[in-house]
Amino acid sequence: MKNFYNQIYSVLGSLTPLKGDCGRACNKACCEGDKDGDGMYLFPFEEELYTALPSWASISETDFEYDKNKFAPLFSCDGICERSMRPLSCRIFPLTPYIAKDGELEVIVDPRSVGMCPLSALYVEDFEPDFVKAVEEVGKLLLTNPETKKFLEAFSRLLDDCRFI
Ligand code: SF4
Ligand code: SF4
């Protein structure tokens, strides 16, 4: 599955949510975990890319069961990383592909970004169009594999819980 993720990463390339560096205004708030257990979910099989885990990262278990007895691992870091080694969740943040209840693939602002990321106040249309298109393309690729599809469906329901709190 390394090729699968390399393909996904290459869709995103060096695209960013906005034209400039959004981290200048917020001091990279999304990279500043403030407690143990902060981190980003790895997508199914993404862990295979971290056979040699960099010194600035760790991977732990979570109780997010996206399929029967399949739990998403959590990727945590020291707040500074080698960009080429950051996981998919970091590359698309604060947007995310999302499967609506009618099964349609959408791109939404990740509701978990509210209160932390200044971009969470924007509409998807306000983001860099090429970035939005790339996140949608990532979603389409995730739907081509049964396990990443299952993950995206379960993850979308998890986001629903955050959206409507
Ligand atoms: S994605 Fe949001 S929290 Fe992260 S650097 Fe950009 S503006 Fe800051
Ligand atoms: S891996 Fe990199 S991009 Fe992701 S939270 Fe850590 S420092 Fe930020």
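Residues numbered from 1 in each chain as written. Chains lettered and ligands numbered in written order. Predicted model: local features only at pLDDT ≥ 70, side-chain atom pairs only at ≥ 80, totals over all residues. Heavy atoms only, no water.

If you check helix H5 (residues 146-163), its first and last C-alpha atoms are 25 Å apart, about what 18 residues at 1.5 Å a residue would give, namely 26 Å. Among the residues making up H5, those that are buried are Glu147, Thr148, Phe151, Leu152, Ala154, Phe155, Ser156, Leu159 and Asp160. (Helix = DSSP H or I, 4+ residues; strand = E, 2+ residues; numbered from the N terminus. Expected span 1.5 Å × (residues − 1). Buried < 20%, exposed > 50% of the residue type's maximum accessible area, 1.4 Å probe, protein only.)

This part covers the site of ligand 2. Residues in contact with ligand 2, as listed here, are Cys30, Cys31, Phe75, Cys77, Gly79, Ile80, Cys81, Arg86 and Cys90. Class assignment of the residues belonging to the shell around ligand 2 gives a composition of seven nonpolar, one polar and one charged. (Near = heavy atom within 4 Å. Nonpolar A, V, L, I, M, F, W, Y, C, P; charged D, E, K, R; others polar.)

As a further point, take the site of ligand 1. All residues in the neighbourhood of ligand 1 are listed as Cys22, Gly23, Cys26, Lys28, Ala29, Cys30, Phe93, Pro94, Cys117, Pro118 and Leu119. A class-by-class count of the residues in the shell around ligand 1 yields nine nonpolar, one polar and one charged.

To continue, consider the packing of aromatic side chains. Counted under the stated rule, the structure contains ten aromatic pairs. With centroids separated by 4.9 Å and ring planes inclined at 45 degrees, the aromatic side chains of Tyr50 and Phe75 adopt a geometry described as tilted. You can see Tyr50 sitting in the loop between strand S1 (40-41) and strand S2 (57-60) and its partner Phe75 sitting in strand S5 (residues 74-77), a full 25 residues away along the chain. Each member of the pair, Tyr50 as well as Phe75, carries the same accessibility label: buried. A ring pair is formed by Trp56 and Phe75, whose centres lie 6.1 Å apart and whose planes are at 70 degrees; its orientation type is edge-to-face. Of the two residues, Trp56 sits in the loop between S1 and S2 while Phe75 sits in strand S5, which places them 19 residues apart along the sequence. Each member of the pair, Trp56 together with Phe75, is buried. The ring of Tyr9 carries Arg91 above its face, with NZ or CZ at 3.7 Å from the centroid. (Phe/Tyr/Trp six-rings, centres within 6.5 Å; stacked < 30°, edge-to-face > 60°. Lys NZ or Arg CZ within 6 Å of the ring centre and 35° of its normal.)

On to the pattern of salt bridges. Close approach of charged atoms allows side chains with opposite charge to pair. The full count for this structure, using the stated rule, is eight salt bridges. The partner of Lys133 in a salt bridge is Asp130, and the shortest N-O contact between them spans 3.7 Å. On the criterion of helical spacing, the pair formed by Lys133 and Asp130 is a turn pair, its members being three residues apart in helix H4 (residues 129-142). Judged by relative accessible area, Lys133 falls into the exposed class, the value being 54%. Judged by relative accessible area, Asp130 falls into the partly exposed class, the value being 41%. (Salt bridge = Lys/Arg side-chain N within 4 Å of Asp/Glu carboxyl O.)

With respect to the helices, strands and loops of the structure, Glu128 is situated in the loop between strand S7 (105-109) and H4. With residues near it in sequence (within four places) discarded, Glu128 still touches Thr16, Pro17, Leu18 and Lys19. (Contact = heavy atoms within 4.5 Å.)

Next up on the list: unusual backbone geometry. Omega for the bond connecting Phe93 with Pro94 falls within 30 degrees of zero, at 5 degrees, which places this linkage in the cis form. Take Pro94: it is sitting in the loop between helix H3 (88-92) and strand S6 (95-99). Unlike most non-glycine residues, Phe45 shows phi in positive territory, near 75 degrees. Position of Phe45 among the secondary structure elements: in the loop between S1 and S2. Judged by its relative accessible area of 27%, Phe45 falls in the partly exposed class. Even without being glycine, Asn69 reaches a positive phi, approximately 60 degrees. Considering the arrangement of structural elements, one finds Asn69 in the loop between strand S3 (65-67) and strand S4 (70-71). Its relative accessible area of 60% is what places Asn69 among the exposed residues.

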